[in-house]
Protein chains: 2
Amino acid sequence: MILVNGEATEVLTATDRGIAYGDGVFRTVAVRAGRVCAWRWQFAKLAADARRLGIACPSQATLHEEVRRSAAGEGDCAVKIIVTRGSGPRGYAPPPQARPRRVVLSSGMPPEWARHGENGVTVRVCALRLSWQPALAGIKHLNRLENVLARAEWDDPTIAEGLLQDGAGNVIGGTMSNLFLVEGDDLVTPDLSRCGVEGVTRERIMAGADRRGRSCRVAALSLERVLAAREVMLVNSLIGVWQVRHLNGRGWDAGETVPSVRQWLDENDD
Amino acid sequence: MILVNGEATEVLTATDRGIAYGDGVFRTVAVRAGRVCAWRWQFAKLAADARRLGIACPSQATLHEEVRRSAAGEGDCAVKIIVTRGSGPRGYAPPPQARPRRVVLSSGMPPEWARHGENGVTVRVCALRLSWQPALAGIKHLNRLENVLARAEWDDPTIAEGLLQDGAGNVIGGTMSNLFLVEGDDLVTPDLSRCGVEGVTRERIMAGADRRGRSCRVAALSLERVLAAREVMLVNSLIGVWQVRHLNGRGWDAGETVPSVRQWLDENDD
């Protein structure tokens with residue numbers, strides 16, 4: 001079901017700045033057994049992202065209710081929340097009187113994801129290199145052509161995700177996921193200060209590691225370093241944790257870290 | 001008037017990938033006395049941009065007719081053409097069966113633009129730095145948050161435009177315009193191979209200079225070089241040519257090049 005500003009509809013005002021300029025932010029949240037997973041984290045991130053673009057974020061209660069309504073009767077599903085700056089006249093200048101618009105839409109989870117969670121995944125390296133834009137780095141905004149072009153590079157269904165590097169060769173994450181390496185007993189995740197999306201699941205894993213006193217660092221990660229890692233994981237709010245089992249001719253056996261990380265996520269699901 | 005796929009409406013399907021990802025391209029064309037200015041150039045650029053994103057461009061005849069219909073009864077106006085990849089399920093992968101969607105909307109020209117054309121303009125330098133993304137450079141795509149953030153830096157109505165630099169300090173253009181310098185008798189315009197939009201008016205001016213045997217080069221331009229230029233011009237399809245008269249404490253008298261360049265544009269208006 002699609003809700004636009006709380007009303008069930010299939011359509012959106014054509015003058016919305018979301019379509020004109022990608023002028024907005026979004027979240028994709030999992031709803032399981034009617035419960036909006038990690039909602040506190042999700043809303044906090046949405047509000048922070050909106051703030052960085054100078055968009056007034058709708059209230060937590062309004063969005064929570066709309067996510068639940070959109071998911072009602074759908075079973076376990078993904079709900080996407082888009083908050084745009086709203087409508088405006090032609091021109092880049094954000095209209096001071098713009099009223100943010102909420103679009104909340106539910107969709108099913110791809111059936112192969114459960115298998116990927118269980119068996120791990122085969123991953124490729126994308127040719128597209130992410131650009132550095134500190135003003136937008138970390139934000140889950142609506143300017144996602146880099147992700148679209150990267151994801152368009154392959155259509156082999158046995159490849160579950162593609163890794164993205166920046167222009168300097170640092171691995172930043174997957175097209176739709178954040179990355180963690182296991183090096184010795186430590187977790188390492190890429191520095192996202194110049195590009196990439198700071199996902200909520202990444203944040204929850206970092207908090208979980210912190211609580212356990214397990215080292216989790218942010219670092220610049222070369223592809224060589226990824227290939228040399230003891231374990232490699234891709235994470236997001238819908239897929240949870242996928243272990244990378246095949247990448248560039250390198251294979252990994254099933255590792256021990258994924259179950260631990262899943263437990264941390266279960267504990268940080270509020 | 002707004003036309004979506006040729007139908008007069010105010011709304012758009014909420015599952016359009018234009019809103020989800022900025023997955024599309026656009027043009028802004030001037031319609032004067034019922035005539036779509038520089039239409040051949042505009043369509044060629046739209047089709048080239050769509051091709052770079054792997055979007056099938058609607059036909060020239062269809063779009064031309066819709067631009068005229070959207071502008072009918074509006075007097076001289078701006079018509080924006082958006083072509084998105086169309087609707088699709090959640091996920092970055094472009095659906096192979098996606099049917100591109102056309103949004104054509106008209107709006108009036110800001111009344112101050114005529115004065116800016118006559119008297120020249122005061123311009124500022126934006127703090128935001130454009131990122132380098134060769135895969136998207138030159139394309140007028142719907143991922144325009146950089147322009148939005150840059151344009152949000154000022155609301156002083158006496159400042160008509162802001163100059164954008166890349167991370168290395170190269171001046172790339174205005175938030176909504178391309179840049180030309182006059183150096184001696186030569187024209188120079190920024191290299192747009194890593195960022196910026198290759199506007200149709202820029203292309204028409206380069207063709208006009210070429211026809212006259214006047215030197216017009218593409219180069220990396222520092223802000224110092226802009227400030228040292230004999231004349232500085234900002235151009236786009238709606239504003240035509242504005243001479244920069246004030247920038248960073250430097251002033252310029254009315255120059256001789258603007259009338260010539262306007263004549264070249266009149267000759268390249270097919």
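Everything below is about the structure printed above this text.
1. A word on empty space enclosed by the protein
All names here are of chain B.
Link 1 in the chain: In the structure shown here, the tally under the stated rule is one cavity of 30 Å³ or more.
Link 2 in the chain: Estimates place the volume of the largest cavity at around 70 Å³.
Link 3 in the chain: Taken together, Trp132, Asp166, Asn170, Val171, Ile172, Pro190, Asp191, Arg194, Cys195, Ala219, Ala220 and Leu221 make up the lining of the largest cavity.
Link 4 in the chain: By residue class, the composition of the lining of the largest cavity is eight nonpolar, one polar and three charged.

2. As for the relation of the copies chain A and chain B
Both copies of the chain are tied together by a single rotation about an axis and a shift running along it.
Link 1 in the chain: For the match of chain A to chain B, the screw axis carries a shift of 0.0 Å, the RMSD comes to 0.0 Å, and the turn is 180 degrees. Read as a symmetry element, the transformation amounts to a two-fold axis.
Link 2 in the chain: Looking at the interface residues of chain A, 100% of them are also at the interface in chain B, so both copies use one shared face.

3. Brief notes about the pairing of strand 8 (residues 121-130) of chain A
Residues and elements named next belong to chain A.
Link 1 in the chain: Here strand 8 pairs with strand 15 (residues 240-247) via three bridges, running parallel. Across the sheet, Val121 pairs through a bridge with Val244, a residue of strand 15.
Link 2 in the chain: The pairing of strand 8 with strand 9 (residues 159-166) spans six bridges and is classified as parallel. The residue of strand 9 that forms the bridge with Val125 is Leu163.
Link 3 in the chain: Handedness of the strand 8-helix 5 (residues 145-151)-strand 9 crossover: right-handed.

4. What to know about the interface of chain A and chain B
Link 1 in the chain: With 53 residues of chain A at the interface, the matching set in chain B holds 53 residues.
Link 2 in the chain: Carbon and sulfur atoms make up 69% of the surface buried where chain A meets chain B, a total of about 4100 Å² over both sides.
Link 3 in the chain: Seen at the junction of chain A and chain B, the total is zero salt bridges.
Link 4 in the chain: Remark: the boundary between chain A and chain B carries 16 residue pairs in polar contact (both at pLDDT 80 or more).
Link 5 in the chain: Of all the elements, helix 5 of chain A adds the most residues to the side of chain A that touches chain B, at six residues.
Link 6 in the chain: Broken down by class, the residue content of the side of chain A that touches chain B amounts to 29 nonpolar, 13 polar and eleven charged.
Link 7 in the chain: Relative to strand 3 (residues 11-13) of chain B, strand 3 (residues 11-13) of chain A runs antiparallel, the two being bridged by three bridges. By the bridge assignment, A:Thr13 is partnered in strand 3 of chain B with B:Val11.

Reading the values: the criteria
Residues numbered from 1 in each chain as written. Chains lettered and ligands numbered in written order. Predicted model: local features only at pLDDT ≥ 70, side-chain atom pairs only at ≥ 80, totals over all residues. Heavy atoms only, no water. 1 Å grid on protein atoms, 1.4 Å probe; cavity = no way out; pocket = protein on both sides within 12 Å on 5 of 7 lines; lining within 4 Å. Points joined across faces, edges and corners; volume = space filled by probe spheres on them. Nonpolar A, V, L, I, M, F, W, Y, C, P; charged D, E, K, R; others polar. Least-squares fit on C-alpha atoms with pLDDT ≥ 70 in both. Contact = heavy atoms within 4.5 Å. Pairing = 2+ DSSP bridges. Helix = DSSP H or I, 4+ residues; strand = E, 2+ residues; numbered from the N terminus. Right-handed = clockwise from strand over helix to strand, strands pointing away. Buried area = accessible area lost by both parts, 1.4 Å probe. Salt bridge = Lys/Arg side-chain N within 4 Å of Asp/Glu carboxyl O. Polar contact = N/O pair within 3.5 Å; in protein donor to acceptor, adjacent residues only side chain to side chain.

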